[in-house]
Amino acid sequence: MVEITKFKQNLNLQEIPVELEKLIYFQNTISSYENYSQGFGVLIDDKSGLKSWSEDENFLNNLLPFAQANGSGSFYAIWNNGVEQPLNKMPVVVFGDEGGVHIVAENILQFLHLLTFDNEISVGLDEAYFYKEEDDYEESEGLSEYLAWMKGDYGLSQIEEPDLLIKAAQDKHKEHFDEWLGQYFEL
């Protein structure tokens, strides 16, 4: 169970995006961690994963880790890209357990839409993508509730081609993100 107050305190925020607050409510009361989208779960993160990339304060202050991305240690973070905009409009980044770092969504709502694909993200050095082998795929137990919530609250249906959304986000933010990230370590 993710306590909203502790989640905000951990990120040093007074408020979090309403979309993220509603997702936490969904995870806490309607479904559960890793139960509505494979490998995914909102969590309270102490930035230890980020610190393995860089201990620079500017780096740490501009990334807000908020969720597990897959079962092998990758995680999602909101990136404050320096453009004066609300937190829910900032890009979402995935940090891979094997070294890749990639923009995956232009904002929180697009990110929530990605989760409807119901599969763990694959994060390599050169790309992040979703792939599903239909023969081996088992639908998450809480997926139907998540899809109903997304449809009811946001008018979004299950995404069929998540990589198109990732590509659009990367087209918009990748160059700036890579330049920013390059200040802290060599890509």
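Structure shown above.
Residues numbered from 1 in each chain as written. Predicted model: local features only at pLDDT ≥ 70, side-chain atom pairs only at ≥ 80, totals over all residues. Heavy atoms only, no water.

(A) Spatial organisation of empty space enclosed by the protein. Throughout the structure, instances matching the rule amount to one cavity of 30 Å³ or more. Roughly 30 Å³ of volume is contained in the largest cavity. Lining of the largest cavity is provided by Ser37, Gln38, Phe40, Ala69, Tyr76, Leu115, Asn119, Glu120, Ile121 and Phe130. In the lining of the largest cavity, the residues fall into six nonpolar, three polar and one charged. (1 Å grid on protein atoms, 1.4 Å probe; cavity = no way out; pocket = protein on both sides within 12 Å on 5 of 7 lines; lining within 4 Å. Points joined across faces, edges and corners; volume = space filled by probe spheres on them. Nonpolar A, V, L, I, M, F, W, Y, C, P; charged D, E, K, R; others polar.)

(B) View of the packing of helix 5 (residues 108-115) against helix 7 (residues 162-181). One can describe the packing of helix 5 onto helix 7 by two numbers: an axis separation of 10 Å at closest approach and a directional angle of 155°. Here helix 5 is positioned roughly antiparallel relative to helix 7, judged by the angle of their axes. As helix 5 runs across helix 7, the sense of the crossing is left-handed. Each of Gln110, His113 and Leu114 in helix 5 lies in contact with helix 7, whose residues at this interface are Pro162, Leu165 and Ile166. Grouping the amino acids of the contact of helix 5 with helix 7 by side-chain chemistry returns four nonpolar, two polar and no charged. (Axes fitted to C-alpha atoms, helices over the stretch in contact; angles between N-to-C directions. Helix = DSSP H or I, 4+ residues; strand = E, 2+ residues; numbered from the N terminus. Parallel < 35°, antiparallel > 145°, perpendicular 65-115°, else oblique. Left-handed = near helix turned anticlockwise from the far one by under 90°. Contact = heavy atoms within 4.5 Å.)

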